[in-house]
Amino acid sequence: SSPPVGPVTDIASLQAKLREHIAAKNLPQDAWAVGYGYDDSLLAEKRHPTRDDLDAISTSRPIAIMHVSGHLSVANSVALALAGITAESKDPPGGHIRRKPGSQEPDGVLEETAAYGVLGQMYRGGPASPVPGLLAALQTYASEGFTTVQDGAANPADIAAVQNHIAATGQALPVDLVAFPTFGSLSKEAQ
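Residues numbered from 1 in each chain as written. Predicted model: local features only at pLDDT ≥ 70, side-chain atom pairs only at ≥ 80, totals over all residues. Heavy atoms only, no water.

*Asks:* Help me out: how do you make sense of unusual backbone geometry in this one?
*Replies:* Glycine aside, the phi torsion of most residues is negative, and most peptide linkages are trans. Going from Pro3 to Pro4, the amide bond is cis rather than trans, its omega being 10°. Within the secondary structure, Pro4 sits in the segment before α1 (11-25). Of note, the phi angle at Lys46 is positive, near 55°, even though the residue is not glycine. Within the element layout of this structure, Lys46 appears in the loop between β1 (33-38) and α2 (51-55). At Glu112, a position not held by glycine, the phi torsion is positive, near 50°. (Helix = DSSP H or I, 4+ residues; strand = E, 2+ residues; numbered from the N terminus.)

Written as structure tokens, this is what we have:
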């Protein structure tokens, strides 16, 4: 994140924070490196990072970062490949795959539903489960006096992960959580 939340002021400092995160966590080479909260409007370059910017960090590890709005993400070449996003990929309904100028090659910036392929790979079981981060966020809300929060674009996998966590631990969430599933994730009957 950029100030006042975090120290990222340009692409170079964003790359440095991701490198620090990877080193501090001692992540295995195939583990995802994930960042949250970048804001292109607050970066010195006044642009979104691209796959090339993230490839400068690693061309062997999947890396994805989420925009502060939650409406965009950026993936490096490894993450795009894992999600099957190529020059031949079409924009999904409700989404847009940004391209390198003068080509159909994805530049790594994924808008709205175009990010789902990468997010699906990132959260596919294992240590990248959304539950630890969600619990930390809910605890923060609770510590500030909030009693109810909502997720306006929940996906069924995340909802199931939270339900499974509650069932397995028997622990209630620290605040009430209202989850609204994304329209595209609903069955045809529910739509």
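Once the structure has been displayed, the description carries forward.
*Asks:* It is not clear to me how the pattern of salt bridges should be interpreted in this structure. Could you clarify?
*Replies:* Should the charged atoms of two oppositely charged side chains come close, the side chains can pair. According to the stated counting rule, one finds six salt bridges in the structure shown. A salt bridge links Arg47 to Asp53; the nearest nitrogen and oxygen atoms lie 2.8 Å apart. The buried category is assigned to Asp53, whose relative accessible area is 12%. Linking Arg98 and Glu111 is a salt bridge whose minimum nitrogen-to-oxygen distance equals 2.5 Å. (Salt bridge = Lys/Arg side-chain N within 4 Å of Asp/Glu carboxyl O. Buried < 20%, exposed > 50% of the residue type's maximum accessible area, 1.4 Å probe, protein only.)

*Asks:* I would appreciate a short explanation of the pairing of strand β2 (residues 63-67) in the present structure.
*Replies:* When a strand is regular, its side chains alternate between the sheet's two faces. Within β2, five of the five residues are buried, leaving the element largely enclosed by the surrounding structure. Note: β1 against β2, five bridges, orientation parallel. In the strand pairing of β2, Tyr38 is matched with His67. Two successive antiparallel strands, β2 and strand β3 (residues 72-75), enclose a turn made up of four residues, where Gly70 displays a positive phi of approximately 80°. (Pairing = 2+ DSSP bridges.)

So, to be careful, I would describe these as geometric facts and stop short of saying anything about function.
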